[in-house]
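# Inside the fold
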Amino acid sequence: MMLKKIAAALAATTLALSLSACGGGAGSTNLSALKIGIKFDQPGLGLKEGEKYTGFDVDVATYIAGKLGTTPDKITWTQAPSAQRETLIENGTVDLVVATYSITDTRKEKVSFAGPYFIAGQDLLVRADDTSITGPQALKGKTLCSVTGSTSAQNVKKDYPDVQLREFGTYSECVAALVAKGVDALTTDDTILAGYAAQAQYAGKLKVVGKPFTKENYGVGLKKGNTDLCNKVTDAIKAMIADGSWQKAVDANLGAAGYKAPAGNPPTPAPCS
């Protein structure tokens, strides 16, 4: 009988230790490790160079992770192309997506969002010597590039049907096509365009038109219905704005292109539902 009691006690201890090692379950405030989806090819926002990850979204994600109890060395960064973001969240490949992810009603049918943590606007990137494109109304007969699955591509299809739209898998492909004169312009959020225009290899070759024509609310994507995690991420965004870390991240990552956060920034995150 004594041996059975000892065995039972050991089993209970082992189970408790196992649960502790797992971080206390899905509702735990402290997550010992996180899988976060970011862009790998967006200078100033989410860029992978070797084993180094930089950009505003990376800084936001790292700050949020810290508030959730995850140190930088325990973050697993995963590439999150625009067309794959919902799938990565739904199948559990990532816990969070911080990848210039515009909050839309259509996307909210599949995933939940915390935020916004930034408000951007869709604009145009053109060659520096091109004076013919002054805004979206001047795109008729032009070839415009965007990324498959992005809000930018959907906006153009809906509002400017006369534009010849080419869609690639990444913005880097669009930029290369623009420089090579394979397309006349690239459209996406002004933050992304500013990041590319500021790169050394494109100095003097590209320019942002500076006529934003949409409002994009960047949110942190997560599993649909996980209100507990959403609330924790929202609190982290508020803390980042309040303690000055948000502004420092904007200046450090986008300031080199002379970019100024547009009206509405820093934003007030919406309640989770």
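For clarity, every value in this text was computed on a predicted model and none was experimentally measured.

Time to look at the sheet that holds strand E8 (residues 122-127). An order of E10-E9-E11-E8-E12 is seen for the five strands of this open sheet, with the pairing classed as mixed. Edge positions in the sheet fall to strand E10 (164-168) and strand E12 (206-208), since each of these pairs with one other strand and no more. For this sheet, the mean angle separating the axes of adjacent strands, direction not counted, is 30°. When E8 meets strand E11 (residues 185-189), the two strands line up antiparallel, connected through four bridges. Bridging across to E11, Leu-125 finds its partner in Leu-186. Along the sheet face, helix H5 (residues 151-159) touches E8, strand E9 (143-147), E10 and E11 and points at about 165° away from the line of E10. Contacts between helix H7 (residues 190-197) and the sheet are confined to E8, E11 and E12, with E11 contributing the most and set at about 125° to the helix.

In total, this model carries two cavities of 30 Å³ or more according to the counting rule given. There is about 80 Å³ of room inside the largest cavity. Around the largest cavity, the lining is made up of 14 residues, and of these Thr-100, Ser-150, Thr-151, Tyr-171 and Asp-189 lie nearest the centre. Elements with a contribution of two residues or more to the lining of the largest cavity: H5 and E11. Its residues assigned to classes, the lining of the largest cavity comprises two nonpolar, seven polar and five charged. Estimates place the volume of the second largest cavity at around 60 Å³. Lys-39, Phe-40, Asp-41, Gln-79, Ala-80, Pro-81, Ser-82, Val-147, Gly-169, Thr-170 and Tyr-171 together form the lining of the second largest cavity.

The rules we used
Residues numbered from 1 in each chain as written. Predicted model: local features only at pLDDT ≥ 70, side-chain atom pairs only at ≥ 80, totals over all residues. Heavy atoms only, no water. Pairing = 2+ DSSP bridges. Helix = DSSP H or I, 4+ residues; strand = E, 2+ residues; numbered from the N terminus. Axes fitted to C-alpha atoms, helices over the stretch in contact; angles between N-to-C directions. Contact = heavy atoms within 4.5 Å. 1 Å grid on protein atoms, 1.4 Å probe; cavity = no way out; pocket = protein on both sides within 12 Å on 5 of 7 lines; lining within 4 Å. Points joined across faces, edges and corners; volume = space filled by probe spheres on them. Nonpolar A, V, L, I, M, F, W, Y, C, P; charged D, E, K, R; others polar.

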